[in-house]
Amino acid sequence: MITDTELLSYIRQTALMGHDGIDTVLKYASCRPLADALRQQKAEYGEICESATKMLRERGRTPEPLAMGSKMGLAMSRTMSVFSPPSTSRIAEQMINGNTKGAIKSIQHHRQYLGKDERVTDLSKKLLETEENNIRQMKPFL
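Everything quoted here is computed from the prediction, not taken from an experiment.

Conventions and cut-offs
Residues numbered from 1 in each chain as written. Predicted model: local features only at pLDDT ≥ 70, side-chain atom pairs only at ≥ 80, totals over all residues. Heavy atoms only, no water. Helix = DSSP H or I, 4+ residues; strand = E, 2+ residues; numbered from the N terminus. Buried < 20%, exposed > 50% of the residue type's maximum accessible area, 1.4 Å probe, protein only. Areas by Shrake-Rupley, 256 points an atom, 1.4 Å probe, with all protein chains shown as cover. Salt bridge = Lys/Arg side-chain N within 4 Å of Asp/Glu carboxyl O. Lys, Arg positive; Asp, Glu negative; His and termini not counted. Core = buried A, V, L, I, M, F, W, Y, C linked by side-chain atoms within 4.5 Å. Contact = heavy atoms within 4.5 Å. Expected span 1.5 Å × (residues − 1). Axes fitted to C-alpha atoms, helices over the stretch in contact; angles between N-to-C directions. Parallel < 35°, antiparallel > 145°, perpendicular 65-115°, else oblique. Left-handed = near helix turned anticlockwise from the far one by under 90°. Nonpolar A, V, L, I, M, F, W, Y, C, P; charged D, E, K, R; others polar.

Draft legend 1. Expanded view of the overall build of the protein chain. Of the regular secondary structure elements, the protein chain holds five helices and zero strands. When the helices and strands of the protein chain are listed from N to C terminus, the series reads α-α-α-α-α. Every one of the 142 residues in the protein chain was classed for burial, and the buried ones make up 41%. When the accessible surface of the protein chain is totalled, it reaches about 8100 Å², and 54% of it is carbon and sulfur.

The structure is reproduced here in structure tokens:
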């Protein structure tokens, strides 16, 4: 079971991963509708991250930076992209895979949440809805 701050930390980390992950592929999005969709998703992740950060600070917690393993994974994705720039379909596939993994973890964390704070619950639901919407939004680009 997890507490308010644990769930908020997870939400923040996931939103940061989504935000930074989009940065790794956005420059390769030659299809304007795909680039527009990615920019919108990046903004949504930014809002979720800001909300989680604010709620953590309200609880006297200092938000942690993105975990080193996550940073390394994003760096490897960037390096691989240099050798073979991804196609529109490949970018959509990467985004769907990332959002699917995030949605699974979000459901698990949400179910383990012990707290009663509706703001935390709502933010958790918003993250899951964002991930699910992102998957739907990427499907036409496959």
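Draft legend 2. The arrangement of the pattern of salt bridges in detail. Using the criterion set out here, one finds eight salt bridges in the structure. One salt bridge connects E58 with R119, and the closest N-O pair in it is separated by 3.0 Å. Residue E58 is found in helix α2 (residues 32-58), and its partner R119 is found in helix α5 (residues 118-138); the two are separated by 61 residues along the sequence. The class for E58 is partly exposed, based on a relative accessible area of 44%. Across the pair E93 and R90 runs a salt bridge, and its minimum N-O distance is 3.5 Å.

Draft legend 3. Structural context of the side chain of R12. Take R12: it is sitting in helix α1 (residues 4-26). Of the side chains with opposite charge, E64 lies nearest to the buried R12, which makes no salt bridge, at 7.8 Å.

Draft legend 4. Seen up close, the nonpolar core. Core analysis: the largest hydrophobic core is formed by 33 residues, its most contacted members being I11, L38 and M138. Only α1, α2, α4 (88-112) and α5 provide two or more residues apiece to this core. With ten residues, α2 is the largest single contributor of residues to this core. Each residue touching I11, except ones within four places of it in the same chain, is listed here: I48, A52, V120, L123, S124 and L127.

Draft legend 5. α4, seen in detail. Look at α4: 36 Å from first C-alpha to last across 25 residues, which is about the 36 Å you get at 1.5 Å a residue. When α4 is considered as a whole, its buried residues turn out to be I91, A92, M95, I96, N99, G102, A103, S106 and H109. Those residues of α4 that are buried lie in contact with α1, α2 and α5.

Draft legend 6. Spatial organisation of the packing of α2 against α5. Between α2 and α5, the least distance of the axes is 11 Å, while the angle of their chain directions is 165°. In terms of orientation, α2 and α5 fall into the roughly antiparallel class. Crossing handedness for the pair α2 and α5: left-handed. Class assignment for the residues of the contact of α2 with α5 results in eleven nonpolar, six polar and six charged.

Draft legend 7. Fine view of the packing of α1 against α4. The contact between α1 and α4 brings their axes to 11 Å, and the two run at 180°. Our classification of the angle between α1 and α4 gives roughly antiparallel. On α4, the residues touching L7, Y10, I22 and V25 of α1 are I91, Q94, M95, G102, K105, S106 and H109. Here the contact of α1 with α4 is built from residues that sort into six nonpolar, four polar and one charged.

The values are spatial; any link to function lies outside them.
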